[in-house]
Structures are given as C-alpha cells and as structure tokens.
Amino acid sequence: MAVFDSPQEAFGILRPICVQLTKTQTVENVESLQSKLHVVSDSALQDLQEYILFPLRFTLKTPGTKRESLVQSVVECITFVLSTTCIKKQDLLQELFSELCLCLSFPNSQQPAPVSEELKLAVVQGLHTLMHSAYGDIILSLYQPCTLPHLGFAISLLLTLVEKEKSKQIKTSALKCLQVLLLQCDCQDHPKLLNDIETKKLGDLFASFLPGISTTLTRIITGDFKQGHVIIISALKIFYKTIGFIMADEQLARIPKDKEKFSVEHKVAELMVHRDANWVKNTGDKLAALIEKIVEFVSVHPHWKARMELIELVQDLLLKCRQSLLKSVGHLLKVLVGLVNDENLDVQNRCNNVLKNFADQKIVVESRVLTDILSENLHSLATALPRLMSSQDDQGKYSTLILLLGYLKLLGPKVNFVLHSVAHLHRLSKALIQVLELDVTDVKIVEERRQVPDGLAESSSSLSEPPFYKSKSQRKYFRFFTDERIFLLLRQICQMLGYYGDLYLLVDHFMELYNESVIYRKQAAMILNELIAGASGIDVEVLHETHSRASTEELKEIITSILEEYISQKNWYLVTSKEAEGNSEELTMKHSDLQAITSGVHTCHLAPLPSSSELNLTVCSMNSNIWQICIQLEGIGCFAHALGIEFRVLLMSALYPVLEKAGDKTLLISQVATSTMIDICHACAYDCPRDLINHNADYLVNEISLNLHQMALFPHTPIVLEIMFQNSDATLLPLVDDVIQDVLFSLDQFHDERATSFLSVLHTVLAALARWFPEAKDDKQLQEQDFRKEKYGLHQGSATLGKGFTFTTSPEEIERFLLDYLRNKDVADGNVSDSDKEEEQTLPPEAEMNDVCPDVEASLPVQTQIAKNVMERCIHLLSDKDLKTRLKVLDVLELCVTVLQSHENQLLPMVHRAWLPLVHRLTNDDPLVVLRAFKVLCTLGNKCGDFLRNRFSKDILPKLAGSLVTQAPVSARAGPIYSHTLAFKLQLAVLQGLGLLCKKLDLGGGDLNKVADACLIYLSAKQPMKLQEAARSVFLHLMKVDPDLTWFILNELHCPLLYEPAHPSLHPVSLSGMAKPRTEYTDNVLLLLAELQG
C-alpha cells in the first residue's frame, strides 16, 4: 500500500536515490530506487514520471560496456514505472521505444545481441508495457513514415526472438509483444481505428513489413511440433490478422492509382509500399504459396486447438480477402472441407458453424469465382480419385474422401456443374465403385444357416429403437480398406450426391453400372440405396437448407423402378448354397427367363460363368450372391424409410419377396430380411411384423395360392407361407384355410420332388396351431388322471418300506383289494366265461351314446380338420425313401398329435393307422430316424395313454429292451469319445423317455419287469455317467407305477438291510441281495432305495 500520495512527499523520498543513481550506475542503486517506488502512489508517480525515468534512461545511454544485470535491473524498473503510469508525450514514447530496442541490438548485425535470456525477456516485457502505457492516440505517433526504420527493427527483432530462441517463455512474450506492436491486441485499452484514413495509412505502413512477417511466421508455424501448440496458435493469429488487415478487399478498393508522396528521407520513402493492383496481384501469388504450406501443415497438427485456430484463419481471410487472395481461396476452402469431419468434436462443430455461416451469407453459391474454384477442385479430385483410392492407405483414403464430402457440401446445388460432365461423372462413379468392392472370401457367411424358425416376433421389441437402416446395417468387409470411418464417409458422400445432385441422372447412371456387370452390381446397389436416402433428406447434414428436395412422387417413381430391378428373377433368386445350386439348374431348364441367374454368380474374381450346365460354385461366388441379396434387402428398408407411410402403396410388390428372404436358409439373408421387415413397420406405421402381415394377408394369400399351382416356376412359395404362420395369430386361419388345402394338394402331386419344402410349411402350420389353440383336456382325461392318482395312492399305502410293514388302510380295504386282485388274475389267465359281456358292462356312457347314433358326426373345428388332413399325409410319407423327408414327417406327426389330443375320436383312429409304419421306423431304420421316432412315441404315450399299452408291450417294448441289453456292454467298455456317437444318443434318449412312457401307459407287472431288467445293467458304475442318471430316472418313474415291485427288484440286486419276521410263525424274509458284498451297482441302488423310502 502506498505511503506517499503527494508529489512533494514522493519527490523528497525519491530525489536522493535518483541523484545517487545518476552519479553511480549500479544494480544496488536501481533496486533501491525500485523499492522506493513501491511506497509511492500511482498519481504521484505519474507527476514524477519523467524525473524518475531520467536516471534510468541516463544509465542506458551511458557510453561503454554495461553489465547485463544492470541493464536488466534498469529495464525492469522502467517497466514497473510504465505499468503504473501513462505516457502522454510523443517524443518520450519514441525515445523509450528506441532505447529499449537498443538494449538487444548488436552492432552491424540484424541478429539480437548475445545476451542472457533474462535480459531478453525483460526487454520484450518492457516493450509490451510501453505500448500499453501510451495514452490515447499518442501511440499512433510510432506509426509514421519517419519511424518506419525503428518500427521495422523492432518487428524484425521480435520475429527473430520467436524463431531462434529456445525458451518458450521468450517466444510467447515476443509473440504477444508483436501482436500489440501490429495493433492486434484484444484488450479494452487498445485504441480503436475509427476512420478510413488512419486505416489506409497503417495498411500502407504495415505493407512494408508484410514479406518479412509472413515468411518468418510461416517458418515458425511449420516448424517442429515440439515447440508447442501455444506458439503455433499465436503465430497463426498474427499471420491472418496482419494479412487480413493489409490485404482487406474493402481497404484495397479505396487505394488511389498514384503513389502518395511523403516528406521523408529518400531511403525511407523507398521503403514505403503503394498497394496498387500489380502489388496486390504479386503479393497474393506469393502469399498463396505460404498459405498452402501452412494449411497442409496445421490441418494435420496433433493438437486440436491448432486446427481450431486454422479454421479462424480461413474464416477471417475468406471474409475479408476473397478478391486479393484469389489464388489462396482453394487452399482455404480445402481446410474447411478437410476439418468438417475432424476427430475432435469442438473442431467439427466450429468448422460446421463456419460453413453454415458461409452458406447463410451465400458467400460460395453466389460468388461465381468461388464456385468456379470449388468446381475446379472437385474436377481435379474426381479425376485423381480412382488412382488415390487404389494407392493410398486407409488414412489417406479417409482424408481424400473428407475433401470430397466437403466440396459437395460447399457447392450444394452447384455440384450439378460437375455431374453434368460425362467424364467427371464416370471418374467419380468409377472411384466409388472401386473402393466399395466387398471382401467375399469369408466362409462363415455360407456356413451359418438358419437352424430353427424363430420368427420375427422376437425382433418386434426393437421397434422402439431407431430404424435398422440407420443404425443396424450388417457389418461389411471391404477389399481396399478396413477403417469403418471410410464406409461412413462413403455413405455420406452418396447421400450428399442424392440430396444436391440430379437424382434422375445419378440413378440412371448407376443403374447402368448395376446391369453392366456383376462386378459392379453390389457396389452400385449400395450407392443407389444411399442416393435415395440422401434424396429423402432425412438425417442428412446439409449446409444449404433452402435447397428443395425431391418430391414424394418423384421418389416413388424412382424407387419403383429400382425396386423392380432388385426383385427381378435374375437379381433376386441367386444361388447362395450347394442345396440351392440344384434348384437353380432345374429352374433354368424349366423357365428360360431364369437363365439369367447364372449371370449373378461369381467366381473368386467375380467373373460371370458361362452357363448353368457348367455351374461350379465357389465360396466366393456364393458369398457374393448372399451380399448382393442383403444389400438389396437393405435397399428396400431404405426405400421404406425414404417414403414413410407412402411406401404402403409398394407393399404389394415388395412384401412378398422380403418374406421369401426372411425364411431363407442362409442366416445372414434371413437376419437382414427380418431387419428390413422392422424397417417397413417403422416407415408404414405398423406396430409389429405380425400387424404388418395381418393387414396385408389378403394379397399375400392370393399370390401364394396362385404360385402353388406353378411350383416349378415359384419354388420359394412355401417359405412365404411358413413365415406368415410364424409371425401371425389365429385371425389368419380363415384366410389361409384354402391355401393349406392347396399345400396338401401340391404335396400329393410333388411328394417326390418337393416334399421337404411342403413339410416345412406344414410343420410351421401345425406349430402355429398348437400355439394358437393350447391343450384342452376333456372330462375323460381328467377322470383317468383321478383314477391313476387313486391307484398310485393305494400302491403307496400298501408298500412295504423301511423296517417292517406299515399299514395305513382298514382291513375292509385290504380285503377288497385282495378280491379285486384275484378276480383280475382270473381274467388275465382266461378263466372267465363271458368276457365280452363284461367289457360291454364297463363301457362308459359316452360310448353307449355314440353307438346309438353312429352316423351323426359333429362338425370339427378348422384346426382339428387341418391336423387330421396333415396327419393322413404323414402316415403315407412315413415310409418315404428320403431320410430328410422321414425325419421331417416325424416332426410334423408329433405336432399333429398335439393338436388332436383333445379330440380322441379323431386322434385314435389316426394313431391306429400310423402305428405300423411308426413301428418300422423305430425298429428298422436309420439311427437318426429311430431317435426321432422314439420322441414321437413318447408324445403318443403322453396323449393316448391306455390306447397304446398293449401295442407298445407287444410290438416295441421287447425290441427296445433287447436293444438296451445288447448295447450295454458296448457303452460300459467305451471311452469318453463314445458320448459323441449316435448310438450313445439313442441309448440316452430311450432311457430318458422310457420311464415316463411306462408311467403314462400304466404298464403291468410283466412289462415292468422287462423294463427293469433292461435298465438294471445301466445302474453299473462302469456305464457313462449320463446313462446312469437316465437309468435312475427310469426307476424313479417305476416307483410311481409300482413301488412294491421296484423295491423288490432293487433289493434283489443289493439289499442293505436284514429284515426280521414280525412274528415267529412267519417265514423269515430272504432276498437275493442280502449279505452281498459291495458291487458296481451298489451306489445307484442305495440312491434309489433312499429315494423310495424318503
């Protein structure tokens, strides 16, 4: 805090030290003066300014060599005085300016004196403070023709310090001082140039320094990255502000033709520049080379702030100097074009804002010169694009494509000037086609198959997400690049062409390429898809928002023509697997139009094959076909996205082919088709794929019905029906009832050729019926269940468990049980005279009623009639010679039983007819068929119950038991690899299903003994663990059927306890398993007995 506020008091304190310093120039005296200055108020210092500065200036002017420390102390003290006072005299300002500069001068040299870094920093800071201390317009006294040499020396000195010094602090301070010296300071105290005359005079003055400033700053800017981004940013700012001031179009327009004469020395007058037209042209040409160099260097600078400042440079120069820097405009625009997709979000946003500003002011579009420059740049880039795309690495391609995208954004509607040039359109399209070539060597695409029909319903949850086309496009791999950003750039380029370009011209051109060669087909389809996306204007980043987009009618017309080409026979039904190869050959012979399929088949080099008779597909060619179909499917989704609700008009031609591909066996095609369905739902305002199918089911069913009568020409028709059933509900059934009859009729006609396809459809139909009409148990089934529960409870009550016997029933119940047992035994031995009469007495009332009116039959529900008709066909096809057909028939048969389970009057006769061929499948067929047939048998046992008991015991059980006994030694000796064999899987399936089958069929004691004897072997510890577990499950089910028998069988094998008679008159209990040593069966038997007793 100041102590001396009045000038008189301050003078009294400061006079002795000032006199002392004048007499003896030492560091101590300077420091003593500076310490006294801290206790003097600013107002007092202002009044005593010249008095205080005199000894300090005198010290600097004293002839002879002075110590650097003394000069540094003096400069720092002067800086302190200037920081708290204002200079109000022009002479004092000019003298101090020269004196400070001389502190770093070196006689007869342009280089700074070899002094310490501390002194250099002190002098630079002193100059900076001096410029800010000038009061009002006093500072303009420095910028006169007569002071031109002094000003030039100071500028040269500062530039040299920035370029040569290693200290970042000195570099930064020198740049700040240079900025103030060139009147570019941003502080509030800096004088504002209010009139045109002063602006012109300063421009003429600074023009003399422009060559040195621009060349030196260019060297600094393009120097080593290690100097730091702060230095480069400051140098860039000085560079463009200086050029923007000197070369401003508005200022140059007022320059007179004749050079103004100044009353200065001849040498100084020669330094003055007259900014006439010739000077502007020559200077602009020279600056263009410097700007190009700066642009190329800073645009790839690793620090984002340097790139951000480069954008400011471009904006400033383009706004102020478009005419004077005409040759630099192309380089400046290239910066905006290149940084519009910068990796840094702030740089991106700033660049977009600048471009947006230019577009709003119509700087480019309404400037013929700038448009010509951009068009020429685009011409040049389009010419070199094919070469660049084939020779550059990914980063190079990325940079080149960013330029291309930027030019398209800047030109906007003017891009048609380039597109209307046939040569340049050809080169541009050639480059896009070339770089978009896909890598089709991945074998996984062909290998991955759609195993289980999962339907589109699971995908309907994604309807709340953005459309597939924009966010979930299948990942593609390209031959000439791997960076995903390049593909995104290519999409944006095509969208920009579609938005601004002549859509009819572009679509016609790329459709020609699409049809010209299979080599171009996939790439052309990708480009066409993006052109339509761009033309719709949805989610397209544009600068010229006033540009009118294509109308809906125009889009609809163009999309219709592309869609017709996509779904034509030659482009839609391509061979995608070896299974489809045979179909394509057959179709080629039956339909001449389908010969074009072979033109869509590629070799590894994507060359067309000669004819279907010589068809020899490779993985590459099938992959290529798969990707072509996927791209076309994505295109349909894109078209729906572009048209929105208007796409409903095109559903009659688009939906059926998409459904075909949704059921394709190739996983990739199926997934893309499913996503396309979701896209269509988004666009056409359907809630889900099921809603889409139900609303359009009428014409789908009509087309299916027509095509079923021409299966040779439309072999994929069953797939559409299959997909419809997978993704609809019971409301579809009345519409497709006739179609199902057509399928059955076609199956009867083509069962030798297309049985598998039709059976797949029928499988889907029956699965849908089982899902739409769940199981409904009738009264008879419920009565049977109650009876079995009572019977099971009686067995449980009479079981002998644990130690001794436990009775939980009354003597009367035991007596009735024994009498029933004896009577049943007589019946079983045939000791009943009138068994028929007894059976008639036991008929249920329902049977009697049916006997009364045998000719009256109630009408069956639609689903029941369908299942009955399908089951009839399955019975005939159970003995088909084709393995795949037999497997498929068994799957369908199982579903038929499920649908008919609540209609026993229909089910049981059909089961009776199917029994004999089913037995053949179980006992004398391929192991795969046996496995599937046993699964069907388990379902029959679950649904039919008692109806199959005797048949099973007579026809199947002996062979099943014999097979298990025969195979047991093999599995006991086998190693770990055995679990992967078909024999093991068959054993496991039989053991896992046999117990439940015994329970459902309620087998008697003799049959249970056969089952138990066959399964006892698998309780051995030598058997594979899974077989042991399956065998235990059999006995667990047998416990529920007959626990007494099961207990006895297990104890005969191994009895862990000794049973004492409850009374001496009773015989002792003797079981074979008593007192036996531990065996391989012991562990499993003990587990089962514990379960039985628990």
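The rules behind these values
Residue indices follow the written sequence of each chain, beginning from 1 at its first position. Whole-chain, interface and lining totals are the exception, using all residues; otherwise, since this is a predicted model, local features are given only for residues with pLDDT of at least 70 and side-chain atom pairs are given and counted only at 80 or more. Hydrogens and water molecules were not included; the side-chain quantities draw on all heavy atoms of the structure. Runs of E in the DSSP output that reach at least two residues are strands. Runs of H or I that reach at least four are helices, and both are numbered from the N terminus. Using a 1.4 Å probe on the protein chains alone, a residue whose accessible area is under 20% of its type maximum counts as buried, one over 50% counts as exposed, and one in between counts as partly exposed. Whether two residues are in contact is decided by their heavy atoms, any of which lying within 4.5 Å being enough. Using a 1.4 Å probe, the Shrake-Rupley method yields the accessible areas, and only the shown protein chains count as cover for residues. Points on a 1 Å grid, built from protein atoms alone, make a cavity when a 1.4 Å probe fits but cannot get out and make a pocket when they are open with protein on both sides within 12 Å along at least 5 of 7 lines; residues with an atom within 4 Å of a point are the lining residues. Grid points are joined across faces, edges and corners, and a volume is the space filled by probe spheres set on the points. We call Asp, Glu, Lys and Arg charged. Ala, Val, Leu, Ile, Met, Phe, Trp, Tyr, Cys and Pro are nonpolar, and the rest, Gly among them, are polar. Like charges are joined within 9 Å and nonpolar side chains (Val, Leu, Ile, Met, Phe, Trp, Tyr) within 5 Å, but only among residues with over 30% relative accessible area and no salt bridge; these make up the patches. For this analysis, a salt bridge means a side-chain nitrogen from Lys or Arg found within 4 Å of a carboxyl oxygen belonging to Asp or Glu. Positive charges are assigned to Lys and Arg, negative charges to Asp and Glu, while His and the chain termini are left out of the count. Every charge is mapped onto a representative atom, which is NZ of Lys, CZ of Arg, CG of Asp or CD of Glu. One confidence number per residue, pLDDT, is output by the predictor and ranges from 0 to 100. We define a nonpolar core as any set of buried Ala, Val, Leu, Ile, Met, Phe, Trp, Tyr and Cys residues linked to one another through side-chain atoms lying within 4.5 Å. Helix span is expected to be 1.5 Å times the residue number reduced by one. Bend, in this description, refers to the angle at a residue between axes fitted to the seven residues ending there and the seven starting there. Any pair of Phe, Tyr and Trp rings, taking the six-membered ring for Trp, is counted once the centres come within 6.5 Å. Such a pair is stacked with planes under 30 degrees apart, edge-to-face with planes over 60 apart, and tilted for the rest. Helix axes are fitted only over the stretch in contact, all axes being lines through C-alpha atoms; the angle between N-to-C directions runs from 0 to 180 degrees. Should an angle fall under 35 degrees it is called roughly parallel, over 145 degrees roughly antiparallel, and 65 to 115 degrees roughly perpendicular, with every other angle called oblique. Crossings are classed by handedness, with left-handed meaning an anticlockwise turn of the near helix from the far one by less than a right angle and right-handed meaning a clockwise turn. Working definition: a disulfide is two cysteine sulfur atoms within 2.5 Å of each other.

Chemist: Before we move on, could you go through the overall build of the protein and cite the residues and values that matter?
Modeler: Scanning the protein from N- to C-terminus turns up 52 helices and zero strands. Put simply, the protein has 1094 residues, and 51% of those count as buried. Relative to all contacts within the protein whose residues are 6 or more apart in sequence, the contacts with residues 24 or more apart total 77%. A total accessible area of about 50900 Å² is found for the protein, and carbon and sulfur atoms account for 53% of it.

Chemist: Mind laying out empty space enclosed by the protein, listing which residues take part and the relevant values?
Modeler: To find the voids left in a structure, one rolls a probe of water-molecule size over its atoms. Across all of its chains, the model carries four cavities of 30 Å³ or more by this definition. Computed from the structure, the second largest cavity encloses a volume of approximately 80 Å³. Lys200, Asp204, Glu260, Val273 and His274 are the residues nearest the centre of the second largest cavity, which is lined by 11 residues in total. Partitioned by chemical class, the residues of the lining of the second largest cavity number five nonpolar, one polar and five charged.

Chemist: An account of a negative patch on the surface is requested, with residue identities and associated values reported.
Modeler: On the surface, Asp439, Asp442, Glu447 and Glu448 cluster together to form a negatively charged patch. With respect to the helices and strands, glutamate 447 occurs in helix H23 (residues 444-447).

Chemist: Pulling in residues and values, what's your account of a nonpolar patch on the surface?
Modeler: A surface patch of nonpolar side chains, about 230 Å² in accessible area, is lined by Ile814, Phe817 and Leu818. Along the chain, the position of isoleucine 814 falls in helix H40 (residues 811-829). Judged by its relative accessible area of 31%, isoleucine 814 falls in the partly exposed class.

Chemist: I'd like a rundown of the environment of glutamine 726, residues and numbers included.
Modeler: Looking at where glutamine 726 falls in the secondary structure, it is placed in helix H36 (residues 717-726). Taking C-alpha positions, glutamine 726 is 8.9 Å from arginine 690, a pair spaced 36 residues apart along the chain.

Chemist: Can you tell me about the confidence of the model for the protein, naming the residues and giving the values?
Modeler: Per-residue pLDDT for the protein averages 82, and the proportion of residues at 70 or more is 85%. A low-confidence stretch, residues 835-856 stays under pLDDT 50, and its non-local contacts, those more than four residues away or across chains, total three contacts.

Chemist: Just give me the short version of the nonpolar core, but keep the residues and values in it.
Modeler: Grouped together as the largest cluster of nonpolar side chains are 345 residues, with contacts concentrated most on Phe97, Tyr143, Met247, Phe647, Met724 and Phe952. With 14 residues, the single largest contributor to this core is helix H31 (residues 619-643). Beyond its immediate chain neighbours, meaning those up to four positions away, methionine 247 contacts Leu210, Leu252, Trp279, Val280, Thr283, Gly284, Leu287, Lys320, Cys321, Ser324 and Leu325.

Chemist: Any details on helix H4 (residues 49-61)? Residues and values, ideally.
Modeler: Over its 13 residues, H4 extends 18 Å from the first C-alpha to the last, a length consistent with the 18 Å expected when each residue adds 1.5 Å. Proline 55 marks the point of greatest bend in H4, at about 25°. The secondary structure elements touched by the buried residues of H4 are helix H1 (7-23), helix H2 (27-37), helix H3 (42-47), helix H5 (68-84) and helix H6 (90-102).

Chemist: Can you lay out the packing of aromatic side chains for me, pointing to particular residues and giving the numbers?
Modeler: Under the criterion given, the structure shown has 12 aromatic pairs. Judged by centre distance (6.0 Å) and plane angle (25°), the rings of phenylalanine 54 and phenylalanine 58 are stacked. Highlighted residues: phenylalanine 54 and phenylalanine 58, both in helix H4, separated by four residues, approximately one helical turn. Ring centres of tyrosine 499 and tyrosine 500 lie 4.9 Å apart, and the angle between their planes is 85°; on these two criteria the pair is classed as edge-to-face. Pair check on accessibility: tyrosine 499 and tyrosine 500 agree, each one buried. Here a set of aromatic residues connected by ring pairs shows up, and it is made of Tyr143, Phe206 and Phe245.

Chemist: Explain the side chain of threonine 283 to me, using residue names and the numbers behind them.
Modeler: The topology assignment puts threonine 283 in helix H15 (residues 277-298). Residues within four places of threonine 283 in sequence aside, it is in contact with Leu210 and Met247.

Chemist: Can you explain the packing of helix H19 (residues 368-391) against helix H20 (residues 394-411)? Please cite residues and give values.
Modeler: Axis separation between H19 and H20 bottoms out at 10 Å; the angle between their running directions is 150°. Looking at the two axes, H19 sits roughly antiparallel to H20. Judged by the sense of rotation from one axis to the other, the crossing of H19 with H20 is left-handed. Together, Thr371, Leu374, Ser375, Asn377, Leu378, Leu381, Leu385, Leu388 and Met389 of H19 and Lys397, Thr400, Leu401, Leu403, Leu404, Tyr407, Leu408, Leu410 and Leu411 of H20 make up the contact between the two elements. The class makeup of the residues in the contact of H19 with H20 is 13 nonpolar, four polar and one charged.

Chemist: Quick rundown of the pattern of salt bridges? Include the residues and the values.
Modeler: Under the definition given, this model contains 29 salt bridges. Among the ionic pairs, glutamate 634 bridges to lysine 476, the shortest N-O distance being 3.0 Å. Of this pair, glutamate 634 sits in helix H31 while lysine 476 is found in the loop between helix H24 (468-471) and helix H25 (484-500), placing the two residues 158 residues apart along the sequence. Both residues of the pair, glutamate 634 and lysine 476, belong to the buried class. Linking arginine 932 and aspartate 891 is a salt bridge whose minimum nitrogen-to-oxygen distance equals 2.7 Å. In this pair, arginine 932 sits in helix H46 (residues 927-944) while aspartate 891 sits in helix H44 (residues 883-900), placing the two residues 41 residues apart along the sequence. Taking relative accessible area as the criterion, arginine 932 reaches 26% and is therefore assigned partly exposed. With relative accessibility at 17%, the residue aspartate 891 sits in the buried group.

Chemist: Give me the environment of alanine 277: which residues, what numbers.
Modeler: Structurally, the position occupied by alanine 277 is in helix H15. The exposure class assigned to alanine 277 is exposed, which follows from its relative accessible area of 62%. Taking C-alpha positions, alanine 277 is 10.0 Å from proline 256, a pair spaced 21 residues apart along the chain.

Chemist: Got a sec to walk through the packing of H15 against helix H17 (residues 329-339)? Specific residues and values, please.
Modeler: Viewed as axis vectors pointing N to C, H15 and H17 meet at an angle of 15°, and their least axial separation amounts to 9 Å. Put simply, H15 runs roughly parallel to H17. For the pair H15 and H17, the crossing hand works out as left-handed. Seen from H15, the contacting residues are Ala288, Ile291, Glu292 and Val295; seen from H17, they are His331, Leu332 and Val335.

Chemist: Can you explain the environment of threonine 371? Please cite residues and give values.
Modeler: Structurally, threonine 371 is set in helix H19. Separated by 43 residues in sequence, threonine 371 and lysine 414 place their C-alpha atoms 7.5 Å apart.

Chemist: Summarise the side chain of histidine 379; cite the residues concerned and give the values.
Modeler: Within the secondary structure, histidine 379 sits in helix H19. Every residue in contact with histidine 379, bar those within four places of it in the chain, is listed here: Val418, Ser421 and His424.

Chemist: Which residues make up unusual backbone geometry, and what values do they have?
Modeler: In this structure, alanine 685 takes a positive phi of about 65° despite not being glycine. Here alanine 685 is to be found in the loop between helix H33 (667-684) and helix H34 (689-695).

Chemist: Can you explain the state of the cysteines? Please cite residues and give values.
Modeler: Inspection of the entire model under this criterion finds zero disulfides. Cysteine 18 takes part in no disulfide bond, and the closest cysteine sulfur to it belongs to cysteine 77, at a distance of 8.7 Å.

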